[in-house]
Amino acid sequence: GQQVMQIPQYQHVQEGEDFTTYCNSSTTLSNIQWYKQRPGGHPVFLIQLVKSGEVKKQKRLTFQFGEAKKNSSLHITATQTTDVGTYFCAGPPWAGGTSYGKLTFGQGTILTVHP
Amino acid sequence: GAGVSQSPSNKVTEKGKDVELRCDPISGHTALYWYRQSLGQGLEFLIYFQGNSAPDKSGLPSDRFSAERTGGSVSTLTIQRTQQEDSAVYLCASTSPTGGYEQYFGPGTRLTVT
């Protein structure tokens, strides 16, 4: 079945440093979604990328979707303590033009930011 | 508008007891998902309901787990004869019938089996 891997599993940074997490799927994805889960909270949808090679920005966050639609990355510039949490990627498989609603989530990258 | 709600927020039960966890999705959302998250871990898919279609139960870990969705809205996840390894946060999510299937999560139910 479809597998989605994320690296690194943990990342510790000093406030102001940049951070990147990478997501790789074993199968082509119809889209890739990113979620953030604050400590003690629940996952919150951040963004969705659909097109091959797509790049989207949200303030200090930059999201990329690979050309083959099998990988993605999230980059945070100049981290702040409010960026602390676990970042998950997730995607439904691509199957002959029909995308299913079921998402496969990566294991997440836990980000800690030291002030 | 109201988000996804779950009840109870916390549940402590004795090993061997049955528990029921409830999820009330966002109004109009046709798809509903249950996940399990152990401490510091990722999201483990349990079951997926989409409209009137047969649910995708491929993630249920054993036959002690079951779920139903009544009237296309509220869902109940039932765990029979609970075991200590069932202790986790159980998250429910729903998605709109339009768009890219982004999921809206509830606050979760923290289940502790003693």
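As the structure is a computational prediction, the values presented were derived from the model and not from experiment.

**Comments concerning the side chain of S25(A)**
Residues and elements named next belong to chain A.
Phase 1: Positionally, S25 belongs in strand β3 (residues 19-25).
Phase 2: Look at S25 and you get buried, because its relative accessible area is 8%.
Phase 3: Discounting chain neighbours no more than four positions away, the residues touching S25 are Q2, Q3, V4 and K70.

**Regarding the pattern of salt bridges**
Charged atoms that come close allow side chains of opposite charge to pair.
Phase 1: All chains considered together, the criterion is met by five salt bridges over all chains.
Phase 2: Notably, a salt bridge pairs K56(A) with E54(A), separated by 3.8 Å at the nearest N-O pair.
Phase 3: Its relative accessible area of 32% is what places K56(A) among the partly exposed residues.
Phase 4: For the salt bridge of D24(B) with R22(B), the shortest nitrogen-to-oxygen distance reads 3.7 Å.
Phase 5: Residue classification places D24(B) among the partly exposed positions, given a relative accessible area of 26%.

**Focus on the layout of surface pockets**
Phase 1: If you add up the space inside the largest pocket, you get close to 540 Å³.
Phase 2: What lines the largest pocket is a set of 27 residues, and nearest its centre among them are Q37(A), G40(A), G41(A), Q37(B) and G40(B).
Phase 3: At the level of elements, β9 (85-91) and β13 (109-114) of chain A are the ones that each hand at least two residues to the lining of the largest pocket.
Phase 4: Here the lining of the largest pocket is composed, by residue class, of eight nonpolar, 17 polar and two charged.
Phase 5: Estimated volume of the second largest pocket: approximately 270 Å³.
Phase 6: In this structure, the second largest pocket is lined by 17 residues; those nearest its centre are Q2(A), T104(A), F105(A), L43(B) and F45(B).
Phase 7: When residues of the lining of the second largest pocket are traced back to their parent elements, those giving at least two are β1 (4-7) and β12 (104-105) of chain A together with β5 (44-50) of chain B.
Phase 8: The class makeup of the residues in the lining of the second largest pocket is seven nonpolar, eight polar and two charged.

**Some words on the environment of T78(B)**
All names here are of chain B.
Phase 1: Here T78 is to be found in strand β7 (residues 75-79).
Phase 2: Considering only alpha carbons, one finds T78 and R22, 56 residues apart in sequence, at a separation of 8.8 Å.
Phase 3: When residues no more than four places from it in sequence are discounted, the contact partners of T78 are V19, E20, R64, F65 and S66.

Cut-offs used in this document
- Residues numbered from 1 in each chain as written.
- Chains lettered and ligands numbered in written order.
- Predicted model: local features only at pLDDT ≥ 70, side-chain atom pairs only at ≥ 80, totals over all residues.
- Heavy atoms only, no water.
- Helix = DSSP H or I, 4+ residues; strand = E, 2+ residues; numbered from the N terminus.
- Buried < 20%, exposed > 50% of the residue type's maximum accessible area, 1.4 Å probe, protein only.
- Contact = heavy atoms within 4.5 Å.
- Salt bridge = Lys/Arg side-chain N within 4 Å of Asp/Glu carboxyl O.
- 1 Å grid on protein atoms, 1.4 Å probe; cavity = no way out; pocket = protein on both sides within 12 Å on 5 of 7 lines; lining within 4 Å.
- Points joined across faces, edges and corners; volume = space filled by probe spheres on them.
- Nonpolar A, V, L, I, M, F, W, Y, C, P; charged D, E, K, R; others polar.

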